[in-house]
Amino acid sequence: MKRILVLALVIVATAPLSLHANTFMLGGQLASEGDVEIARELSLPAGLYYLRAHTTIVPTFKSPTTSQEVLSQQTTFSTPPSSAEERVDVYGNRYAMYRWDNPPTRIRIETRLRVRNRVNFPALAGDAPFPPKPAPEEVRDFTRPSPLAQSEDPEVTALSRRMVEGAQAQHEAVGAILNWVADHVTYTLEPAQFDALYTLRTGQGNCQNFSNLSVALLRAAGIPARVAMGWSTRKSWSARESSGTIRTLSLADGRHAWLEVYDPTWGWLPYDAQQTLRFVSTRYIRVSVGFDSGDDPDGVYKWSGPAGKTPSFRESIQVNIASDQDVTTVAEEQSKPTNHLFAVSV
């Protein structure tokens, strides 16, 4: 059984919002380093035969804009597991599988990290053409449909085709699709479903819905895309305009989903369909990637016991930032979408 957590997104402008639409192209740099504690409280009914829990080993990674360096990582338990095994899934995500035989009624799992995050805002020159050339073999699977990103559904393909009409470069096609998602999906904390088709038909969803729909529309256009999953932190960051106006963005503390798009020149670039293009901020902790948000190996719990006895799970994240460069600059504005997005220029 897997527990799916949802996250509320908060974007706060410290100046009145413009009457026209904007994408803010950013310059400068964001950088932070700090300690992260992820706590998992497991409340178990008496008499379970076993409990199994999966926790992902948080990776170091680097993209042309966003990097994450895990300086240290340790997991501890209120009751040590009976066994532990490390595995790697088909996407390359490393995770630990812990098992307790005849577990106690309460188990606390704490993972402590020291993480250094950095975001640069280079102009990503070298436009890849659109329609795209055949994807390299190592990323070709990410052009195919998946259970929560139904990229071959006629409704999805028709919308994708309409969105990318006239695009000459891949970044134009990606921007058109993500601008549409930003303007046509309304955030709701607990949707009935998380898949792309539900999101398209209802116009509602949380971070998983935004990401799964974006990935489906991109794949329908022949562009490799995958969902990234992890955690976000509440601490805000800001972008300063030349006029002196400061726009401040913040997320919530909790699980989050976003996406990565493959660019033939630059490789995998991170996007958040709710706020950022070609980067994600230093407030993200990337844990895993997959075809869609259902592929996250982290936070999977399985158990066996007498009928009618169900465990409960609670997760939380705390962050203590030791150093923080949290203000960047707005270098340029563009006129779409209606909802504000922040981007690396091309």
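Our structure is the block above this text.
A brief look at the structure comes next. (Residues numbered from 1 in each chain as written. Predicted model: local features only at pLDDT ≥ 70, side-chain atom pairs only at ≥ 80, totals over all residues. Heavy atoms only, no water.)

This next bit is on the overall build of the protein. Counting secondary structure elements, the protein contains 4 helices and 22 strands. Relative to a compact globule of 346 residues, whose C-alpha radius of gyration would be 20 Å, the protein shows 20 Å and is just as compact. Seen along its three principal axes, the alpha-carbon backbone of the protein occupies a region of about 60 × 45 × 35 Å. Per-residue burial over the protein gives 54% buried out of 346 residues. For the protein, restricting intrachain contacts to residue pairs at least 6 apart in sequence, the fraction spanning at least 24 positions comes to 80%. Summed over all atoms, the accessible surface of the protein reaches about 14,800 Å², with 49% contributed by carbon and sulfur. (Helix = DSSP H or I, 4+ residues; strand = E, 2+ residues; numbered from the N terminus. Rg over C-alpha atoms; globule rule 2.2 N^0.38 Å. Buried < 20%, exposed > 50% of the residue type's maximum accessible area, 1.4 Å probe, protein only. Contact = heavy atoms within 4.5 Å. Areas by Shrake-Rupley, 256 points an atom, 1.4 Å probe, with all protein chains shown as cover.)

With respect to the helices and strands, Glu-110 occurs in strand 9 (residues 106–120). Only 2.4 Å separates the side chain of Glu-110 from the side chain of Arg-112, close enough to count as a polar contact. Sequence-distant contacts of Glu-110, that is, excluding residues within four places in its chain, are made with Glu-37, Ile-38, Gln-74, Thr-75 and Thr-76. (Polar contact = N/O pair within 3.5 Å; in protein donor to acceptor, adjacent residues only side chain to side chain.)

Moving on to the side chain of Arg-226. Relative to the helices and strands, Arg-226 resides in strand 12 (residues 225–232). Classification of Arg-226 as buried rests on a relative accessible area of 12%. Setting aside anything within four residues of it in sequence, one finds Arg-226 in contact with Phe-142, Val-215, Arg-219, Trp-258, Leu-259, Glu-260, Trp-268, Arg-286, Val-289 and Gly-290.

Strand order in the open sheet made by the 4 strands is 16-15-12-18, with antiparallel pairing throughout. Strands at the two margins of the open sheet, each flanked by one partner only, are strand 16 (267–271) and strand 18 (284–290). On average, each strand axis in the sheet is tilted by 35° relative to the strand beside it, whichever way the strands run. Two elements, strand 12 and strand 15 (residues 254–263), share 8 bridges in a ladder whose sense is antiparallel. Considered in strand 15, the bridge of Ala-228 is made with Trp-258. Lying on the sheet, helix 2 (residues 170–184) is in contact with strand 15 and strand 16; it crosses strand 15 at an angle near 150°. Strands in contact with helix 4 (residues 207–220) are strand 12, strand 15 and strand 18; relative to strand 15, the strand with the most contacts, it is inclined by about 15°. (Pairing = 2+ DSSP bridges. Axes fitted to C-alpha atoms, helices over the stretch in contact; angles between N-to-C directions.)

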